[in-house]
6 protein chains.
Amino acid sequence: MTDTQNTRADGRSTDQLRSIRITRGFTTNPAGSVLVEFGDTRVMCTASIELGVPRFKKDSGEGWLTAEYAMLPAATHERNRRESMSGKVKGRTHEISRLIGRSLRAAVDLTQLGENTINIDCDVLQADGGTRTAAITGAYVALADAVAVLQEAGVVPGNPLLPPVAAVSVGIVDGVPMLDLPYEEDVRAEVDMNVVMTESGRFVEIQGTGEEGDFGREELGALLDLAEKGIRELHQVQKTALEAVLP
Amino acid sequence: MTDTQNTRADGRSTDQLRSIRITRGFTTNPAGSVLVEFGDTRVMCTASIELGVPRFKKDSGEGWLTAEYAMLPAATHERNRRESMSGKVKGRTHEISRLIGRSLRAAVDLTQLGENTINIDCDVLQADGGTRTAAITGAYVALADAVAVLQEAGVVPGNPLLPPVAAVSVGIVDGVPMLDLPYEEDVRAEVDMNVVMTESGRFVEIQGTGEEGDFGREELGALLDLAEKGIRELHQVQKTALEAVLP
Amino acid sequence: MTDTQNTRADGRSTDQLRSIRITRGFTTNPAGSVLVEFGDTRVMCTASIELGVPRFKKDSGEGWLTAEYAMLPAATHERNRRESMSGKVKGRTHEISRLIGRSLRAAVDLTQLGENTINIDCDVLQADGGTRTAAITGAYVALADAVAVLQEAGVVPGNPLLPPVAAVSVGIVDGVPMLDLPYEEDVRAEVDMNVVMTESGRFVEIQGTGEEGDFGREELGALLDLAEKGIRELHQVQKTALEAVLP
Amino acid sequence: MTDTQNTRADGRSTDQLRSIRITRGFTTNPAGSVLVEFGDTRVMCTASIELGVPRFKKDSGEGWLTAEYAMLPAATHERNRRESMSGKVKGRTHEISRLIGRSLRAAVDLTQLGENTINIDCDVLQADGGTRTAAITGAYVALADAVAVLQEAGVVPGNPLLPPVAAVSVGIVDGVPMLDLPYEEDVRAEVDMNVVMTESGRFVEIQGTGEEGDFGREELGALLDLAEKGIRELHQVQKTALEAVLP
Amino acid sequence: MTDTQNTRADGRSTDQLRSIRITRGFTTNPAGSVLVEFGDTRVMCTASIELGVPRFKKDSGEGWLTAEYAMLPAATHERNRRESMSGKVKGRTHEISRLIGRSLRAAVDLTQLGENTINIDCDVLQADGGTRTAAITGAYVALADAVAVLQEAGVVPGNPLLPPVAAVSVGIVDGVPMLDLPYEEDVRAEVDMNVVMTESGRFVEIQGTGEEGDFGREELGALLDLAEKGIRELHQVQKTALEAVLP
Amino acid sequence: MTDTQNTRADGRSTDQLRSIRITRGFTTNPAGSVLVEFGDTRVMCTASIELGVPRFKKDSGEGWLTAEYAMLPAATHERNRRESMSGKVKGRTHEISRLIGRSLRAAVDLTQLGENTINIDCDVLQADGGTRTAAITGAYVALADAVAVLQEAGVVPGNPLLPPVAAVSVGIVDGVPMLDLPYEEDVRAEVDMNVVMTESGRFVEIQGTGEEGDFGREELGALLDLAEKGIRELHQVQKTALEAVLP
């Protein structure tokens, strides 16, 4: 794979993450607030606590976690129309919100949360590919901060937080499996896959699509190898961020 | 796996599909119209031809294919609210519509379609799990009939239809990997996966979720084996259906 | 009228219904589920039971019945846009839903229903004229099956079901009054009328429109004669269907 | 019928209209603007001219007429929610708008209108039963004024206006057929019918509903007799109003 | 300013109001109903009483007042699209509704109202500039009548009505400050200001905009002088109207 | 005023701005992107260029500028519901978007812009009072950067940018006029005013509201003095920011 390492426009090797940064305490009103950066992709992830649960969870003794993802109008290369103004939430937005919700529910023990709800909001300030995987990775850290607030307030006796969940995109571009695609690679990818994984190396979610080309078991294996390598590094960044003292 | 073969409520072995039926010419107005049944799941799949393409495809010389999925209000055990009346299309509906669209675009060569659009509609008459995979499997047959209409009309000179694409759900229920889950198994599944595959055995889409539990590489392998077995059988049903003379 | 008998494209005499079929138990989840066919017009009619009543009926001791009508996108000759996706329910849809609701409320004694609601859904699978009258005719049978479920469950002590209500369209085409218009006649009709009638031959609803031409008392009389003849036959079909044992 | 003449709360005989007033030039911006009063029911009817026609009439050489009906929030006894704010146009509103449109199209020769559109707006300022029939009756006068504007401007060479169309409600209240029901009678009526008629005494539309009771041929005849008597008087009021010089 | 007095198309001097008329009891269903006219601008203002308060005022012991403004489609020179039909309430509509609500809340002592809500509706029948200020001025009179109804019914023991609040528009047109702008002046104005004032000559709201040109302190002073003069006259008209006996 | 200087919770004197920061190049996709901070209020302001103008400006030879304001869900103390998900844009949001648009149009010569549109987006990341005035102040800087991009690209020959426009809130809290209110003062304010001003000290917009109390000419004067002092300082910050070299 030595040759192909030079094919990436940003000079990265095929199995290399972009520069990752997680800034805790990015804003102060929500219980958890994180700015996560995967290269030029920047997502503000917040975790807000709400007393009570939705109707379908009432009197279950359990909590709930839900997520909403959105793109600021000027986040993309060409401004995209504001969904509140068009009156239509795009299918893509719904799809990603649901993915983030499922992924983060794998990182919290709802039975330990009491009848409280955690609202995750992931708002993309700047988009350069991989916004949903950056969102999941950052939202875990915001979730951890929100859970800490609940614990400090004595609302939850135990620890509802489970070990880190992180996510990364992988794909096949010009026939080569690559890790953490920026926009420029993403639009050219024959196969595009988002992988969400726990710290123990098990899958929470795999979504692989071959709109411009199908893929076999072998390619699937290569992509999952890349994803696993990247996610292990992301878990490390999450833990380092959480070890720091909140400013 | 001999023991677990008896764990299924409907008496199937873990690697066995439900009874599959594909009825072509189910209605007569659209170019292709199919009723597909996976056990008690029944979906009406139609393919309608529209001259012209959406704006983003104008003057590309290529065609387009798009899909919409919906659930009739009385399709489910408890009546679900009609989305047109509530004024909100659910995230789940958008997500499935997009999946069907991507899957079927893998079954048609858009460059051979001329600037025409094929609208796939998948309306669930009765839901018992696996509605999205039944929809994809049935929609391929409706698509084939619609393409034949285009060819007969001399609108497309070549053959835009690619080899069959079919889909099936697999999941881990009570720790056991199983093929083609009905509703009763689906709600209990720890891991739930939808697999879309071409006739050459390559993946078009993999969507695996472990909301009630994560999964490792080995379990992924077992699930993909089951899916591959099921989809090969589905391809056979599709081909048999298409070989018959349309009533 | 001997001459005019040959004017209909499908060979029917002017006072003849199309071939009528009512299939009970079409799907299994709702309490009542019927496929009704008036020639090529095919409507799935379901009756679902919901405990409780809308706010304006609370504590009245009475039940309620409401209806929703919709057209599947591919039901018509040219695909029509899905109302949930356009975000607008058409005036025509509202108008027909309200007509079906009023008509079926004439077939049920709400005071005998307890505080329960019956939701009628009429989804047109294939449209060839007369979809609203087919819907009313089929929905009565679905309603009868739903009421039977309530009775078997011991929820209602008496019998809330009233004698059959059925409906048919009549119109003046090329100056000739005709019964049960298919689409081809409907678009050419100078006068178009929908009649809903009880078994005792009394009107529940008359809606006559002369958009392409007005009409006098005499023509009204001729149209009502045709409608009455047709509806008496429809009542017979309803009763025969209900006498059969549900599969 | 001598006895029943005393049954009406407002002292009218059963075949008597309420006091009818038509005020032309009620506002000055639209081409035609009329305030119509049927007793305490007051509707502002306007006819606005718009160059061009909707897409489905393009290049037909013909014009179009469309109508919208609405109720001001404080028009009713209890304030009703503003439809623009609730985001939902009620089925009843759609149904009445469509009825008004069909009725007024029977009063204009679209082939003589050129490719112009007339927008009828009927806004109920005060509701006391019969708002839709008052609207149709008043809108004809607004339409006549708008057509005169088109003629004066030389836009249409001939005369697109057809003879008067008017409408009235009739119903059976406490077993007695009555003409022009106010709200208090309307809510008690067993049978409720709206009749739209041309000057030559022919029907444009009949909509009869027996939600609280069905009706036979004889009662239908009695109701149509009452309607015909009332509408002949309304045509006279329309013509008198139109003979006056616009202020 | 003698010269400029002749610059107004309608012959008014720059500090002169248009002809103002307030008609109480314009309709009879709402507790207060007023037609207010500022020249050709005509607005129907109603005040409807609703038992109970919105959630955020529950158990506060106080009442609430809210307002909705709308323009009838044919009120303007060119027909404007009905907001209920377009499904979008314009920003301008929201902005004015909020202004009216704030202004009228300055005319009622909510603590004396009990937990009741007053709904103000201002529907513009004919627009010729200054619709929002006419609406506020007329709505105060409707409010006064509604409060009287509450008092007569013994619902409120004291007097929640505060002294009159009225409003007028002022602006700079062709460099000249002017009072009460009709549409023709409004569209040409360099500076446009709406002023809401109590009887004691204090401001409730000032909204000044210089979209076509900015303005300094001196011009602000001149505009406020004009506004104050006009509003004092409007208060007089309000009081005279309220002294009359309601028909 | 020495005494009152100590009444502010954050230790500021009554005529002192919060700490103001303007960060240019906050994101890289839009032509202009600024983070503006007024104390804890943080707003991301972007200016995106779009070729062409809205319909009402077509063939005018002029450009257009429009603005949209929104609050991220977690920007406030309590999470506020996402407008795209609720399907309703609040009146407050519309009102502020319109204010920003009018204010910024006073800072650009549309006749020098060619037929291009500048879209201003102001998204509040963190809200602590004064979000609309911070948005206007920051958006001017983003606008300046966007205009520079147009000039560099040779799209506009002259300089469409006008001198700085900035805005600040002032209010009367506990009887004392104060500059630049944070949320805690804003909710307690008897009078609340937003002032937009050009560099030459002239008003673009004044919006003063006394919902909890009215105000006289004298207090208006005091508030405008405070606003003018603050805005002069804001103009200085804008100019300093623009003099720096973009990173």
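What you see is a predicted model; the values in this text were computed from it and never measured.

*Asks:* Pulling in residues and values, what's your account of the UniProt feature "binding site: phosphate" (unreviewed entry) in chain A?
*Replies:* In the UniProt entry, the feature "binding site: phosphate" (unreviewed entry) is given for R92(A), G130(A), T131(A) and R132(A). In terms of the greatest pairwise C-alpha distance, the residues named above, spread along 41 residues, form a tight cluster of at most 13.4 Å across. Tracing the backbone shows R92(A) in helix 2 (residues 91-105). Contacts of R92(A), omitting those with residues within four sequence positions, involve Y69(A), M71(A), T131(A), R132(A) and R98(B). Among the structural elements, R132(A) can be located in helix 3 (residues 131-152). Owing to a relative accessible area of 16%, R132(A) belongs among the buried residues under this scheme. Sequence-distant contacts of R132(A), defined by excluding residues within four places in its chain, comprise Y69(A), R92(A), E95(A), I96(A), L99(A), N194(A) and Q207(A).

*Asks:* Account for the side chain of E185(E), naming residues and giving values.
*Replies:* Along the chain, E185(E) turns up in helix 4 (residues 183-186). In this structure E185(E) touches R8(E), R12(E), V173(E) and M178(E), once residues within four positions along its chain are discounted.

*Asks:* So what's going on with the sheet that holds strand 2 (residues 32-38) of chain F? Which residues, and what values?
*Replies:* All names here are of chain F. Across the sheet, which stays open at both edges, the five strands sit in the order 1-2-3-5-4 with mixed pairing between neighbours. Each edge of the open sheet carries a strand with a single partner, namely strand 1 (20-24) and strand 4 (64-71). When the angles between neighbouring strand axes are averaged without regard to direction, this sheet yields 15 degrees. The pairing of strand 2 with strand 3 (residues 41-51) spans seven bridges and is classified as antiparallel. Each residue of the ladder has a partner; that of L35, found in strand 3, is M44. Each of strand 4 and strand 5 (116-126) touches helix 2 (residues 91-105); the most contacted strand, strand 4, lies at about 145 degrees to it. Contacting strand 1 and strand 2, helix 5 (residues 217-243) crosses the sheet at an angle of about 25 degrees to strand 1.

*Asks:* Let's hear about helix 5 of chain F: which residues, and what values?
*Replies:* Helix length check: helix 5 of chain F (27 residues) gives 39 Å between terminal C-alpha atoms against 39 Å at 1.5 Å per residue, within 8%. The complete set of buried residues in helix 5 of chain F reads L220(F), L223(F), L224(F), L226(F), A227(F), G230(F), I231(F), L234(F), H235(F), Q238(F) and A241(F).

*Asks:* Which residues make up the relation of the copies chain B and chain A, and what values go with them?
*Replies:* The transformation that overlays chain B on chain A combines an axial shift of 0.0 Å with a rotation of 180 degrees, and the residual RMSD is 0.0 Å. Such a turn and shift between the copies fits a two-fold axis. No C-alpha of chain B lies nearer the rotation axis than that of Q207(B), which sits 2.2 Å from it. Comparing interface residues between copies, 100% of those in chain B also sit at the interface in chain A, which points to an isologous, same-surface contact.

*Asks:* If you had to explain the pattern of salt bridges to someone new, which residues and values would you point to?
*Replies:* Two side chains carrying opposite charge are able to pair once their charged atoms lie near each other. If you walk through the whole model with that rule in mind, you get 156 salt bridges over all chains. A salt bridge links D128(C) to R18(C); the shortest N-O distance between them is 3.8 Å. Placement of D128(C) in the loop between strand 5 (116-126) and helix 3 (131-152) and of R18(C) in the segment before strand 1 (20-24) is noted, with a sequence separation of 110 residues between them. Like R18(C), D128(C) is buried. Between R217(C) and D225(D) there is a salt bridge, with its nearest N and O atoms 2.7 Å apart. Taken together, the residues span two chains, with R217(C) in helix 5 (residues 217-243) and D225(D) in helix 5 (residues 217-243).

*Asks:* How would you explain the packing of aromatic side chains if you had to name every residue and give the values?
*Replies:* This structure, assessed with the given rule, holds 12 aromatic pairs over all chains. Between F56(D) and W64(D) the ring centres are 5.0 Å apart and the planes differ by 85 degrees, which places this aromatic pair in the edge-to-face class. The class for F56(D) is exposed, based on a relative accessible area of 57%. Look at W64(D) and you get buried, because its relative accessible area is 15%. Judged by centre distance (5.4 Å) and plane angle (50 degrees), the rings of F215(E) and F203(F) are tilted. Within this pair, whereas F215(E) is found in the loop between strand 9 (203-209) and helix 5 (217-243), its partner F203(F) is found in strand 9 (residues 203-209), the two belonging to separate chains. Directly above the ring of F26(C) sits R42(B), whose terminal nitrogen or CZ lies 5.0 Å from the centroid.

*Asks:* For the environment of A244(D), give the residues involved together with the corresponding values.
*Replies:* For A244(D), the position within the fold is in the segment after helix 5. Through-space distance from the C-alpha of A244(D) to that of D174(D) is 40 Å; in sequence the pair is 70 residues apart.

*Asks:* Help me get a handle on the sheet that holds strand 1 (residues 20-24) of chain A, residues and values and all.
*Replies:* All names here are of chain A. The strand order across the open sheet built from five strands is 1-2-3-5-4, with neighbouring strands paired in mixed fashion. If you trace the sheet from one side to the other, it starts and ends with strand 1 and strand 4 (64-71), each paired once. When strand polarity is set aside, the average angle formed by the axes of neighbouring strands in this sheet is 15 degrees. Sitting on the sheet, helix 2 touches strand 4 and strand 5 (116-126), and the angle it makes with strand 4 is about 145 degrees. Strand contacts of helix 5 (residues 217-243): strand 1 and strand 2 (32-38), with the helix running at about 30 degrees to strand 1, the strand carrying the most contacts.

*Asks:* How would you explain the UniProt feature "domain: Exoribonuclease phosphorolytic" (unreviewed entry) in chain A if you had to name every residue and give the values?
*Replies:* Residue and element names in this part refer to chain A. UniProt's feature table lists "domain: Exoribonuclease phosphorolytic" (unreviewed entry) at residues 16-146 and 164-230, given in the numbering used throughout. Note that residues 16-146 is 27% helix and 32% strand, and that its end C-alpha atoms are spaced 31 Å apart. Helix makes up 27% of residues 164-230 and strand 42%, and the two end C-alpha atoms of the span are 14 Å apart.

*Asks:* Describe the interface of chain B and chain A, listing the residues and the values that go with them.
*Replies:* Taken together, the contact between chain B and chain A spans 29 residues of the former and 29 residues of the latter. The junction of chain B with chain A conceals about 2800 Å² of combined surface from both sides, 44% of it contributed by carbon and sulfur atoms. Of all residues in chain B, R202(B), F203(B) and R217(B) give up the largest surface area on contact with chain A, accounting jointly for 22% of the area buried on that side. Run the count over chain B and chain A and you get 12 salt bridges. The closest approach of N and O atoms between R217(A) and E228(B), which form a salt bridge, is 3.8 Å. At the boundary of chain B with chain A, the tally comes to 18 residue pairs in polar contact (both at pLDDT 80 or more). For the side of chain B that touches chain A, the elements supplying multiple residues, two or more each, are helix 2 (91-105), strand 9 (203-209) and helix 5 (217-243) of chain B. Classifying every residue of the side of chain B that touches chain A gives seven nonpolar, nine polar and 13 charged.

*Asks:* Provide a residue-level description of the arrangement of the chains, including the pertinent values.
*Replies:* Nothing in chain A touches chain D, and the closest approach of their C-alpha atoms is 11 Å. The two units chain C and chain F remain apart, with a minimum C-alpha distance of 11 Å.

*Asks:* An account of the packing of helix 2 (residues 91-105) of chain C against helix 3 of chain C is needed here, citing residue identities and associated values.
*Replies:* All names here are of chain C. Put simply, helix 2 and helix 3 touch, their axes get as near as 10 Å, and they point 40 degrees apart. Put simply, helix 2 runs oblique to helix 3. As helix 2 packs across helix 3, the resulting crossing turns out to be right-handed. Touching R92, E95, I96, L99, I100, S103 and L104 of helix 2 are T131, R132, A135, I136, A139, Y140 and L143, all from helix 3. Its residues placed into classes, the contact of helix 2 with helix 3 shows nine nonpolar, two polar and three charged.

*Asks:* Describe the environment of N119(F), with residues and values.
*Replies:* Residues and elements named next belong to chain F. As for its position among the elements, N119 is in strand 5. A residue is classified by how much of its surface remains accessible, and N119, at 8% relative accessible area, is buried. C-alpha separation for the pair N119 and P30, spaced 89 residues apart in sequence, amounts to 9.8 Å. A polar side-chain atom of N119 sits 2.8 Å from a polar atom in the side chain of E50.

*Asks:* Explain unusual backbone geometry residue by residue, including any values.
*Replies:* For D180(C), which is not a glycine, the phi torsion comes out positive at approximately 60 degrees. Here D180(C) is to be found in the loop between strand 7 (176-179) and helix 4 (183-186).

*Asks:* Help me get a handle on the pairing of strand 5 (residues 116-126) of chain D, residues and values and all.
*Replies:* Residue and element names in this part refer to chain D. Of all 11 residues in strand 5, 11 are buried, a share of seventy percent or more. Alignment of strand 3 (residues 41-51) against strand 5, held across 10 bridges, turns out to be antiparallel. Directly across from A47, in strand 5, lies its bridge partner I120.

*Asks:* Tell me about the state of the cysteines, and please be specific about residues and values.
*Replies:* Applying the stated criterion across every chain yields a total of zero disulfides over all chains. Take C45(D): it sits in no disulfide, and the sulfur closest to it among the cysteines is that of C122(D), at 4.1 Å.

What counts, and where the lines are drawn
- Residues numbered from 1 in each chain as written.
- Chains lettered and ligands numbered in written order.
- Predicted model: local features only at pLDDT ≥ 70, side-chain atom pairs only at ≥ 80, totals over all residues.
- Heavy atoms only, no water.
- UniProt positions renumbered as here; feature names shortened; annotations may be inferred.
- Helix = DSSP H or I, 4+ residues; strand = E, 2+ residues; numbered from the N terminus.
- Contact = heavy atoms within 4.5 Å.
- Buried < 20%, exposed > 50% of the residue type's maximum accessible area, 1.4 Å probe, protein only.
- Pairing = 2+ DSSP bridges.
- Axes fitted to C-alpha atoms, helices over the stretch in contact; angles between N-to-C directions.
- Expected span 1.5 Å × (residues − 1).
- Least-squares fit on C-alpha atoms with pLDDT ≥ 70 in both.
- Salt bridge = Lys/Arg side-chain N within 4 Å of Asp/Glu carboxyl O.
- Phe/Tyr/Trp six-rings, centres within 6.5 Å; stacked < 30°, edge-to-face > 60°.
- Lys NZ or Arg CZ within 6 Å of the ring centre and 35° of its normal.
- Buried area = accessible area lost by both parts, 1.4 Å probe.
- Polar contact = N/O pair within 3.5 Å; in protein donor to acceptor, adjacent residues only side chain to side chain.
- Nonpolar A, V, L, I, M, F, W, Y, C, P; charged D, E, K, R; others polar.
- Parallel < 35°, antiparallel > 145°, perpendicular 65-115°, else oblique.
- Left-handed = near helix turned anticlockwise from the far one by under 90°.
- Disulfide = S-S within 2.5 Å.

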